[in-house]
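The primary structure of each chain is shown beneath.
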Amino acid sequence: MDTSTLAQASDIDFSLIALFLRATLTVKLVMIMLIVASFWSWAIIIQKHLVFRRARSDAARFDTAFWSGEPLDELYARVGANPASGPERIFAAGMSEWQRSHRQDGAMIPGAAQRIDRSMDVAINREVRELNGGLTFLATVGSASPFVGLFGTVWGIKYAFEEIALAQSTNLAVVAPGIAEALLATGLGLLAAIPATIFYNKLSDDSDTIASGYEQFADEFGTLLSRNLDG
C-alpha cells in the first residue's frame, strides 16, 4: 500500500457521528430505528424493575397483614374499598364474591367455592397481564434487531460497492468508509438486541415468580373460605 493511500485513509473521520452522517438515507433510518428501540427497551427494563420490586414489597406486606390474625371481614373493610396492590385486589375479589354468596337468611348460595375461585383467577390474570405488559416488545427487539441491523449492513455494503465501481478504485480510502458505515448498523442491532434478550428472560422469570405467589395466596385463601363453607 503506497504512502498516499495511507495518508488518505488516515484523514478519514471514523467517529460514530461521522459514520452516521456519511451513511445513506436507508442506513440512517435503520440506525435511528435501532437507537430508538434500544432506548425504549431500557425504559421498559427500568420501569419493570421498579414495578416488580414494588410488587414483591406489596406482597410481603399484605402477607404479613393477612396472617396476623386480624379477622378477614375487618381486613376486607380496611382494604376492600380501595385495594392498592395485586394481593389486595385478589383478596378483595374473593371476599366480594364471598359476601355476595350469602343469602339474606345467612345461608350460602350453592357453588360459592367455584365462584370465589373464578373471581380470584380473573383478578390474578388481570395482575399477570399488568406485570407482563411491555415484555413482548423486549422479545421483539431481542429477536428482530440483529436482522434489522444486518439489513442496514447489506444495504450499506451494496452502496459501498457502487461507490467503488464509480471511483474505479479499490484502495483503502474508497472502501473503508462505506464498509465501516455498514458495519455500524450491525453493531447497533446487537447493542439493542443483547440487553433486550437478557432482560426479557430475567423479567419473564421474575413475573412468573410473582404470579406464582399470587396463585399460592389464592389457593391458601380459597382453602380458608372452604373450611368456613364446610363448617
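See the structure printed just above.
Structural notes, computed from the coordinates. Quick caveat: nothing in here was measured; it's all calculated off a predicted structure.

Comments concerning the overall build of the protein
Point 1. In terms of regular secondary structure, the protein is built from 8 helices and 0 strands.
Point 2. For the protein, the residues scored as buried account for 39% of the 231 residues in total.
Point 3. When contacts within the protein are restricted to residue pairs at least 6 apart in sequence, those whose partners lie at least 24 apart make up 76%.

Overview of the environment of R129
Point 1. Here R129 lies in helix α6 (residues 112–132).
Point 2. Distance in space between the C-alpha atoms of R129 and A211 is 10.0 Å, their sequence separation being 82 residues.

What about the environment of P87?
Point 1. Note on placement: P87 falls in helix α5 (residues 86–100).
Point 2. Taking the C-alpha atoms as reference points, P87 and E215, 128 residues apart in sequence, are found 9.7 Å from one another.
Point 3. Once residues lying within four places of it in the same chain are set aside, the contact partners of P87 are D58, A59, F62, Y214 and F217.

Some thoughts on helix α4 (residues 72–79)
Point 1. Within α4, the full set of buried residues consists of L72, L75, Y76 and V79. Buried residues in α4, looked at end-on, bunch into an arc of 100 degrees, giving them a common side. In α4, the exposed positions that point more than 90 degrees away from the buried face belong to A77 and R78.

Thresholds, definitions, all that
Residues numbered from 1 in each chain as written. Predicted model: local features only at pLDDT ≥ 70, side-chain atom pairs only at ≥ 80, totals over all residues. Heavy atoms only, no water. Helix = DSSP H or I, 4+ residues; strand = E, 2+ residues; numbered from the N terminus. Buried < 20%, exposed > 50% of the residue type's maximum accessible area, 1.4 Å probe, protein only. Contact = heavy atoms within 4.5 Å. Arc of directions from axis to C-beta.

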